[in-house]
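Structural overview
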Amino acid sequence: MLCDFCTGISLSDLIELAEAELAEAEFASRQSPQHAYYKHFDSYNDLVQSARDGCDLCQLILSGFKSFIVDEWPWDGQNRDEAVREIEYLGKEIDIRIRSEGSEGSEGSEGSEGSEGSEGSEGKEQNVTIPPLLVTLSVPRDKQIRIGKYPVGRYQLDPVLRSQNNFSIAKSWLEECCNTHQSCPIKHSPELPARVIDVGNLGDEQRLRLVHSHSSAGEYAALSHCWGGLIPTRLLADTLDSFQKDISFSSLPANFRDAVTITRQLGIKYLWIDALCIIQDSASDWEIESKKMGDVYRNALITISAAMSPGSTAGILTETSTQKVLKENKMEDSVSLKLSYDGNSGTEVYASLNDREEETLRNLFISSPLSRRGWVLQESILSPRILHYGSKQIYWQCPQGFQSADGVPAGNLMPEDTSLYSAISNVFHQHLQRDLACKSQHDRRLILTDYYNLVEEYSSRQLTYNSDKFPAFSGIARLLHPVVGGSYLAGIWSNDFAQGLC
């Protein structure tokens, strides 16, 4: 059931508001709209009453007002309901406004703005603004709605990261990349790392064992993760024999169990994890295998990135904070709306609450626990394909570009293309690329520019052991040497010495 105000919302109105917001660039600040908005209610109490009367959308909005915390002064720590009541207590009037935001796409790309809505409240007398509550419109992946040049809403997310829906999306990305992407490496069976974990099959859930590859070929996945302290179950000299017979699934930390599950679901037989495939109490084994880690990630069919996991026990396939809020407050995840367009009724979309600090792949690249780890830069640059696990959805990265489960187009919610370091990436994967242009003569200056940008980024990252400073970057330097030439001296190329010192 919808109230008269909510019934009056149409897709035509939302698209017009989104266009106005884009033209005025108001959406960037996500403040309460001043011009392009749909007036929802004259007062907050009207919204409360409508929710009590049974309007599904008003109930969703009100539950968000009562549950999600405001993170701006002067309401830090209060929810929006408390903030509104405080403004009313001071004698100010409140009205409720709906605005529409577009997901900004790449420059010059038509049809890349998706319509969304957010709910704001405005104190009239002194223009006191409470940060808006974000309400996202979404549609099922197989029922995309397009009105003119605009796709409406994002794809509806399955909030359970370990669901078959999410595994199916990941598999489709992998298959599409391997079979159709001209700028991406072809699928092949490289020489396996010295040791890998045989994860068994989906029908044999508990079977795990360490395998000595003896230079045999095969496809495998690699895990990129944060240790977060000592890992109890790891490969040691005295567990080497027992691991070759059986590794107890239940004894593994959550990150490793989830990585095994993901690898099985992708249909990949082998998995490489540093803590389980390098003997951790053997200096000689570390000396040998650490030099090969660049090739481990470069030759992996796919790298699983535990982006939001701060340590091995945190898990990858975890429940989000938004899910917990919904459960704690017995709130519905989304509300079905049938919105009209040009007089035609019955277009079904789903409205759901969204955190103000929205998770995006761009943010994960900048501020996730994994993004601060020194070793991960080499792992991410050398990996031909990466399946990133955030806390709310999955993301894809390959030389062709980025994707997210919610279908957000390239733009301000995705990393910049420069983060792909395309000049260097072409060097690393040229032997497996379909596109002949990628195999052509390399531009040494572009490669060096990428390299110095990489060095700058690497220098800002953290390493548990200072002794890892050069090993954690050695794979990149070794693969670039045939193209750059000269000698490699502690991060500087001898034939570009002056620029390297700048």
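Rules and cut-offs
- Residues numbered from 1 in each chain as written.
- Predicted model: local features only at pLDDT ≥ 70, side-chain atom pairs only at ≥ 80, totals over all residues.
- Heavy atoms only, no water.
- Patch = residues over 30% accessible without salt bridge, like charges linked within 9 Å, V, L, I, M, F, W, Y side chains within 5 Å.
- Areas by Shrake-Rupley, 256 points an atom, 1.4 Å probe, with all protein chains shown as cover.
- Salt bridge = Lys/Arg side-chain N within 4 Å of Asp/Glu carboxyl O.
- Helix = DSSP H or I, 4+ residues; strand = E, 2+ residues; numbered from the N terminus.
- Axes fitted to C-alpha atoms, helices over the stretch in contact; angles between N-to-C directions.
- Parallel < 35°, antiparallel > 145°, perpendicular 65-115°, else oblique.
- Left-handed = near helix turned anticlockwise from the far one by under 90°.
- Contact = heavy atoms within 4.5 Å.
- Core = buried A, V, L, I, M, F, W, Y, C linked by side-chain atoms within 4.5 Å.
- Buried < 20%, exposed > 50% of the residue type's maximum accessible area, 1.4 Å probe, protein only.
- pLDDT = per-residue confidence, 0-100.
- Expected span 1.5 Å × (residues − 1).
- Phe/Tyr/Trp six-rings, centres within 6.5 Å; stacked < 30°, edge-to-face > 60°.
- Pairing = 2+ DSSP bridges.
- Polar contact = N/O pair within 3.5 Å; in protein donor to acceptor, adjacent residues only side chain to side chain.

Quick look at a nonpolar patch on the surface now. A surface patch of nonpolar side chains, amounting to about 300 Å² of accessible area, comprises L489, F497 and L501. Structurally, L501 is set in the segment after α18 (497-500).

Before going further, it helps to examine the packing of helix α16 (residues 444-459) against helix α17 (residues 471-484). Any two packed helices are characterised by how steeply their axes cross, that is the angle between the axes, and by the distance between the axes. Between α16 and α17, the shortest axis-to-axis distance is 12 Å and the interhelical angle comes to 170 degrees. It follows that α16 is roughly antiparallel to α17 by the angle criterion. By crossing handedness, the relation of α16 to α17 is classed as left-handed. Residues R444, I447, L448, Y451, L454, V455 and Y458 of α16 form the contact with α17, whose participating residues are A472, F473, I476, L480, V483 and V484.

Ranked by internal contacts, the top residues of the largest apolar core, which has 80 residues, are L387, Y389 and L480. In terms of residue count, the dominant contributor to this core is helix α6 (residues 164-180) (seven residues). Excluding residues that lie within four positions of it along the chain, Y389 makes contacts with L161, F167, I262, I304, S305, A306, A307, M308, I316, L317 and I394. Of all hydrophobic cores here, the second largest spans 42 residues; its members include A51, I61, F68 and A83.

A separate point is the confidence of the model for the protein chain. Confidence in the prediction for the protein chain averages 81 pLDDT; 82% of positions are at 70 or higher. In the model, residues 26-33 has pLDDT below 50 throughout and makes 32 contacts with residues more than four positions away in sequence or in other chains.

Its identity as a non-glycine residue notwithstanding, H214 has a phi of 50 degrees, on the positive side. You can see H214 is positioned in the loop between β9 (209-212) and β10 (220-224). You can call H214 exposed: its relative accessible area is 71%. One non-glycine residue with positive phi stands out, namely S215, at about 65 degrees.

A word on α17. Relative to the 20 Å expected for 14 residues at 1.5 Å per residue, α17 spans 19 Å between its end C-alpha atoms, a close match to the ideal helical length. Restricting attention to buried positions, one finds in α17 the residues A472, F473, G475, I476, A477, L479, L480 and V484. Turning to α17, the residues buried within the fold contact α11 (293-299), α14 (374-382), α15 (422-429), α16, β18 (488-489) and β19 (492-493). G485 sits one or two positions beyond α17 and adopts a positive phi of about 80 degrees.

Further remarks concern the packing of aromatic side chains. Two measures describe an aromatic ring pair: the distance that separates the ring centres and the angle between the ring planes. Taken as a whole and judged by the stated rule, the model has eight aromatic pairs. Each ring, one from F5 and one from F41, has its centre 4.6 Å from the other, and the planes form 50 degrees; the classification is tilted. With F5 in helix α1 (residues 4-7) and F41 in strand β1 (residues 38-41), this residue pair connects regions lying 36 residues apart in the sequence. With relative accessibility at 37%, the residue F5 sits in the partly exposed group. Judged by relative accessible area, which is 5%, F41 ranks as buried.

Once that is clear, we can look at the sheet that holds strand β12 (residues 302-305). Pairing is mixed in the open sheet, where eight strands are placed in the order β9-β8-β11-β10-β12-β15-β16-β17. Both outer strands of the open sheet, β9 and β17 (401-404), are each paired with one neighbouring strand and no more. Taking each pair of neighbouring strands and ignoring which way they run, the sheet shows an average axis angle of 30 degrees. Sheet analysis places strand β16 (residues 394-398) next to β17, joined by four bridges and oriented antiparallel. Bridged to Y395 within β17 is S404.

Position of N495 relative to the elements: it lies in the loop between β19 and α18. With near-sequence residues (within four places) excluded, N495 lies in contact with R444, V484, G485 and G486. At 3.1 Å, the side chain of N495 and the side chain of R444 are in polar contact. Here the side chain of N495 touches V484 through a polar contact of 2.9 Å, landing on its backbone oxygen.

Following the criterion strictly, the structure yields 13 salt bridges and no others. Put simply, K291 and E287 hold a salt bridge, and the shortest N to O gap is 3.2 Å. Among the residues examined, E287 registers a relative accessible area of 43% and is labelled partly exposed. Linking R461 and E457 is a salt bridge whose minimum nitrogen-to-oxygen distance equals 2.7 Å. Assessed through its relative accessible area of 25%, E457 is described here as partly exposed. Each of D198, R207, R209 and K269 takes part in salt bridges that share partners, so that together they form one network.

Within the secondary structure layout, W227 lies in the loop between β10 and α7 (240-245). With a relative accessible area of 21%, W227 lands in the partly exposed category. Through-space distance from the C-alpha of W227 to that of N255 is 9.4 Å; in sequence the pair is 28 residues apart.

Further remarks concern the environment of S336. Looking at the element boundaries, S336 is found in strand β13 (residues 335-341). Spatially, the C-alpha atom of S336 lies 9.6 Å from that of L137, the residues being 199 residues apart in sequence. Excluding residues that lie within four positions of it along the chain, S336 makes contacts with E348, V349 and Y350. Within the structure, the side chain of S336 is placed 2.5 Å from the side chain of E348, a separation counted as a polar contact.

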